[in-house]
Amino acid sequence: MSVEAKLIIKDLTHYYPDEYTGESVHALENINLQVYENEFVAIVGPSGCGKTTLLNIVAGLLPYRQGIATVDGIDISGPGPDRGVVFQEHAILPWRTVSKNIGHGLELQRLPKTEISRRVHEYIDLVGLTGFEDRYPHELSGGMKQRVAVARTLCADPVIMLMDEPFAAVDAQTRITLQDELNRIVMATRKTVLFITHSVEEAAFLGDRCIVFSRRPGQIKTEIKIQIPREERVWKDMSSNPIFTDARDEILRLVRQEVTSDDEQ
Amino acid sequence: MTSNNNVVSFRHKLKKFTTDGAGRLIIFLIGSIILWAFISLFIIERPDRYLPSPMAVILSSLDMLYKGSLISFYSDTLGRLVFGGIVGILIGIPIGLALGLNRTIADMFYPLMNFFQSVSGIAIFPVVVIWFGNSDTTVMIVILYTSFFPIAFNVLSGVRSVPVRYIQAARTLGASRLQIIRDVLLPGAMPSIAVGTRLSVGFAWRAVIAGEMLAGRPGLGNMIFSGQELDNTAQILLGMVMIGVTWIVLDHYLLRPLEADTIERWGLVQR
Amino acid sequence: MGAGAEMITYNRLSIALQKRFGRQRLRRMILGSIPFIVLIFLWELNTHFGWYDPIEIPPISAMWEAIFWLQSDCPGFVAAIEGHNDCNLSNNIISSIGRVILAAAVGIPLGVAFGVLAGINRVLSGYLEPVGIFMNSVSGIAWIPLAIVWFGVGWETTLFIMLNTIFWLIFFNTMMGVRAVPRVLVQGVQTLGGSRWDTIRHVYIPGALPSIITGMRMSLGFGWRALIAAEMIGGDSGLGFMIFVSAVEFKSEEVFLGVILISIIYLISDRWLLVPLEKWTVERWGLVWKPT
């Protein structure tokens, strides 16, 4: 591709001191990754492999020393509205209503009120929360809370959306619905997404490219392209799609390797 | 690589020492004493009157120790606290139990108790003085009055918080009313009793100081008050430090562990 | 016939009352008022039979008259509000409440500001936690002698005692509340482009609000008591000063009146101001906060 990538990570290596022993932990080793516009990249790997560390570095929540990380050509030096994050826990504010939460990013950018309410309405419709505008988060189910979190991130119009195991805390049935919906939303908004998960199925279902991480220190083991058009990615069709099942089985095998080799040690 | 690791772990150990409980407390204590000495020696005019230096306070304590008054004041105050606290709790528990067991009694006396609780022990002091004069009895009544309410209210809510299922279960096993109280309600209310005990002792501590001050009975409260009258500010500061430290020690090493242990042991406090 | 009509009116009245207040609440209201009535009855009997001396337990009528006696030289309602010199009782009430309001107006913002600053920085809050514990342990009352040395007998001393109690409680509760705010909420706002100030305004302060309100209730509880004590020992006005002076002069009807006023003022401000505020935040935001 001749176009410049939206997110570029070059030779990124990261250590951090362990909270209890103080020994430095080697979390990431020589990561090279590019995410292009309108691409959905899923990172999958065994737990504790440094996926979340990588996402925190990209989000600007964790300072890094070795390597380069840029978004739209600008070095990452702290959190900013160009990189929206959907966290695993519900990070929406309990003292703000649904619409106030969704419009929060725009409010922080000091946009006029009429503009905010127009955009908020648009995203409330998009995530299917019409009628819940004035509810407080504690009145919503886990799935609905996560929809608010996604809408809040998208409404601020980031260059890239980072998602850190966003559906790990909801029940299986809701997860499938949310995955289908995320697909639809990404199609509609044409957003660039970096998605972190430990679920192989989820990665294969959502990602244009799946990046498999090795166990710690986290390294990119393989990259698998999944060439299924986004509009064909619906759960009821996917389970019989050979491209999906093959990719899923391949990723599963690679992740298994990491987990079992870990056990042998 | 190993040396690097050693440096990291040493720095971490240092960081751990400076951010952890004991290390932090030591640093805090030293820091605040230095700050106090600095303000006293270089900033304040007439420090002997407005803020004597830590050294002056230590000298004053040595002087009082030598004369024996410090220990006698301290033991007077502690004696009042222990006696008043224990008696207050012993009165409070059965009354709280009675209120918790019978809804009619509770509905009847709750508003009255609530009213008298808000009449603080300090406010009734002038009334008690009219009745008993500036005597030890007055101080003791004020202490009992303040320590009674927290424990009574906590026992009440503790008994109420025992799940009805437990009582029903005991009843189906053929337990009598007395057995239910002994085997279900009292153990179920234990965590609340512990919480109430801590609150009661805390309230009693304040009441002891205030009562001694107002009634002029010997003790820490009177020590700081007479320090003001005698223009001996070092004595006031010494008394204040002793009051604060005594409470911290009492709370952190006796009452809190007691509370935590009870809650853990009788652990049904998952409300 | 007449009795039957009476019965019907009685039933109607009873049903109307039950509908108005609810059966359980009505029962509780009636039961709860019985001890008060008995107590007042006994009090009145004591006056009648003279079991105890009027100096020990003054007649209720004398207490009632004391209100007018204390206000006897007061030129009128407007003068009472303005704090006319001769409006003895109302001046003392205004003086006590005024100090609470003044101390709250200064102490709460100050306590919140320092509490937030200390709470955001985990290392700093680790050092300041013992300060807070110590300052709250040296109870407000123990500060009275030192305050008299610093400010002399008068309103400055009493104001200082109240301010000191409010500040440390609000500071400590704000700090603890801020520390309990989940990190991810802060990170969420940061990744939306929020500045430090935005996270304070939108995350830390609302997140610590239930804790701050608990601190306000505690401040009123402890502060009001400390204020009364301070007025007794080191004040020259206020309800505490009034009852102390009256006790020295053995005017027990004034003492009883003062004590009842002190508790009524506390009860009203706690039940009708702070408890609803506490409930409101919890119900609206669904935050479960267990005051300790």
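Thresholds, definitions, all that
- Residues numbered from 1 in each chain as written.
- Chains lettered and ligands numbered in written order.
- Predicted model: local features only at pLDDT ≥ 70, side-chain atom pairs only at ≥ 80, totals over all residues.
- Heavy atoms only, no water.
- Contact = heavy atoms within 4.5 Å.
- Buried area = accessible area lost by both parts, 1.4 Å probe.
- Salt bridge = Lys/Arg side-chain N within 4 Å of Asp/Glu carboxyl O.
- Polar contact = N/O pair within 3.5 Å; in protein donor to acceptor, adjacent residues only side chain to side chain.
- Helix = DSSP H or I, 4+ residues; strand = E, 2+ residues; numbered from the N terminus.
- Nonpolar A, V, L, I, M, F, W, Y, C, P; charged D, E, K, R; others polar.
- Pairing = 2+ DSSP bridges.
- Patch = residues over 30% accessible without salt bridge, like charges linked within 9 Å, V, L, I, M, F, W, Y side chains within 5 Å.
- Areas by Shrake-Rupley, 256 points an atom, 1.4 Å probe, with all protein chains shown as cover.
- Lys, Arg positive; Asp, Glu negative; His and termini not counted.
- Charge placed at Lys NZ, Arg CZ, Asp CG, Glu CD.
- Core = buried A, V, L, I, M, F, W, Y, C linked by side-chain atoms within 4.5 Å.
- Buried < 20%, exposed > 50% of the residue type's maximum accessible area, 1.4 Å probe, protein only.
- Right-handed = clockwise from strand over helix to strand, strands pointing away.
- Domains from an automatic or database assignment.
- Phe/Tyr/Trp six-rings, centres within 6.5 Å; stacked < 30°, edge-to-face > 60°.
- Lys NZ or Arg CZ within 6 Å of the ring centre and 35° of its normal.

## Some points on the interface of chain B and chain C
Here's step 1: Taken together, the contact pairs 52 residues of chain B with 52 residues of chain C.
Here's step 2: Carbon and sulfur atoms supply 78% of the area buried between chain B and chain C, which totals about 4,800 Å² over both sides.
Here's step 3: It is B:I130, B:R206 and B:M240 that lose the most area in chain B upon contact with chain C, and together they represent 14% of the buried surface on that side.
Here's step 4: In this structure, the connection of chain B to chain C is made through one salt bridge.
Here's step 5: Notably, a salt bridge pairs C:R27 with B:D107, separated by 3.1 Å at the nearest N-O pair.
Here's step 6: The interface formed by chain B and chain C includes three residue pairs in polar contact (both at pLDDT 80 or more).
Here's step 7: Elements represented by at least two residues in the side of chain B that touches chain C include exactly α1 (2-19), α2 (21-43), α3 (47-50), α6 (103-118), α7 (125-132), α10 (177-215), α11 (220-229) and α12 (233-265) of chain B.
Here's step 8: At twelve residues, α6(B) tops the list of elements feeding residues into the side of chain B that touches chain C.
Here's step 9: A breakdown of the residues in the side of chain B that touches chain C according to their chemical character gives 35 nonpolar, eleven polar and six charged.

## Quick look at the sheet that holds strand β2 (residues 24-35) of chain A
Residue and element names in this part refer to chain A.
Here's step 1: Reading across from one edge, β2-β1-β4-β5 is the order of the four strands in this open sheet, with antiparallel pairing throughout. The open sheet has two edge strands with one neighbour each: β2 and β5 (74-75).
Here's step 2: Relative to strand β4 (residues 66-71), strand β1 (residues 7-17) runs antiparallel, the two being bridged by five bridges. For L7, the partnering residue across the bridge sits in β4 and is V71.

## Observations concerning a positive patch on the surface
Here's step 1: The grouping of B:R103, B:R160, C:R20, C:R25 and C:R28 at the surface amounts to a positive patch.
Here's step 2: Mapped onto the fold, C:R28 is located in helix α2 (residues 23-49).

## Some remarks on the nonpolar core
Here's step 1: By size, the foremost hydrophobic cluster in this structure holds 131 residues, and its most contacted members are C:I141, C:I144, C:I161, C:V203, C:W224 and C:I233.
Here's step 2: When residues of this core are assigned to their parent elements, the largest contribution, 16 residues, is made by α10(B).
Here's step 3: Among residues more than four places away in sequence, those in contact with C:I144 are C:I161, C:A226, C:A229, C:A230 and C:I233.
Here's step 4: Counting residues in each nonpolar core, the second largest holds 50 residues, with A:V86, A:V98, A:A203 and A:W235 among its members.

## Comments concerning unusual backbone geometry
Residues and elements named next belong to chain A.
Here's step 1: Non-glycine residue D157 carries a positive phi angle of around 55°.
Here's step 2: Mapped onto the secondary structure, D157 falls in the loop between α5 (142-155) and β7 (160-164).
Here's step 3: Here E165, not a glycine, exhibits a phi torsion of approximately 45°, which is positive.
Here's step 4: Along the chain, E165 falls in the loop between β7 and α6 (172-189).

## What about the pairing of strand β8 (residues 192-197) of chain A?
All names here are of chain A.
Here's step 1: Judged by how many residues are buried, β8 sits mostly within the fold: six of six residues are covered.
Here's step 2: Neither face of β8 is left uncovered, since the one carrying T192, L194 and I196 and the one carrying V193, F195 and T197 both have all their residues buried.
Here's step 3: When strand β3 (residues 40-44) meets β8, the two strands line up parallel, connected through five bridges. By the bridge assignment for β8, A42 is matched with F195.
Here's step 4: For the crossover from β7 across α6 to β8, the handedness is right-handed.

## Re the domain arrangement of chain C
Here's step 1: Structurally, chain C comprises domain 1 (2-49) and domain 2 (77-285).
Here's step 2: Look at where the C-alpha atoms of domain 1 of chain C and domain 2 of chain C centre, and you get two points 38 Å apart.

## Considering the interface of chain C and chain A
Where interface size is given, it is often the accessible area lost as the parts come together that is meant.
Here's step 1: Tallying the contact residues gives 20 residues for chain C and 27 residues for chain A.
Here's step 2: Ranking the residues of chain C by area buried against chain A places C:T191, C:L192 and C:H202 at the top, with a combined share of 34%.
Here's step 3: Our enumeration of links across chain C and chain A arrives at zero salt bridges.
Here's step 4: At the boundary of chain C and chain A, one finds two residue pairs in polar contact (both at pLDDT 80 or more).
Here's step 5: Listing elements by their share of the side of chain C that touches chain A, those giving two or more residues are α9 (183-191), α10 (196-234) and α12 (252-285) of chain C.
Here's step 6: Looking at the side of chain C that touches chain A element by element, the count peaks at seven residues for α9(C).
Here's step 7: Per-class residue counts for the side of chain C that touches chain A are eight nonpolar, nine polar and three charged.

## Points about the packing of aromatic side chains
Here's step 1: Enumeration over the complete set of coordinates arrives at 24 aromatic pairs over all chains.
Here's step 2: Judged by centre distance (6.3 Å) and plane angle (85°), the ring pair of C:W150 and C:F151 falls under edge-to-face.
Here's step 3: Residue C:F151 is classed as partly exposed on the basis of its relative accessible area, which comes to 38%.
Here's step 4: A centroid spacing of 5.1 Å and a plane angle of 80° characterise the contact between C:F167 and C:W168, whose relative ring orientation is edge-to-face. For the pair C:F167 and C:W168, a shared accessibility class is recorded, and that class is buried.
Here's step 5: Aromatic rings pair up to connect B:Y110, B:Y145, B:F148, B:F149 and B:F153 into one cluster.
Here's step 6: Positioned over the ring face of B:Y50 is B:R49, at 5.5 Å from the centre of the ring.

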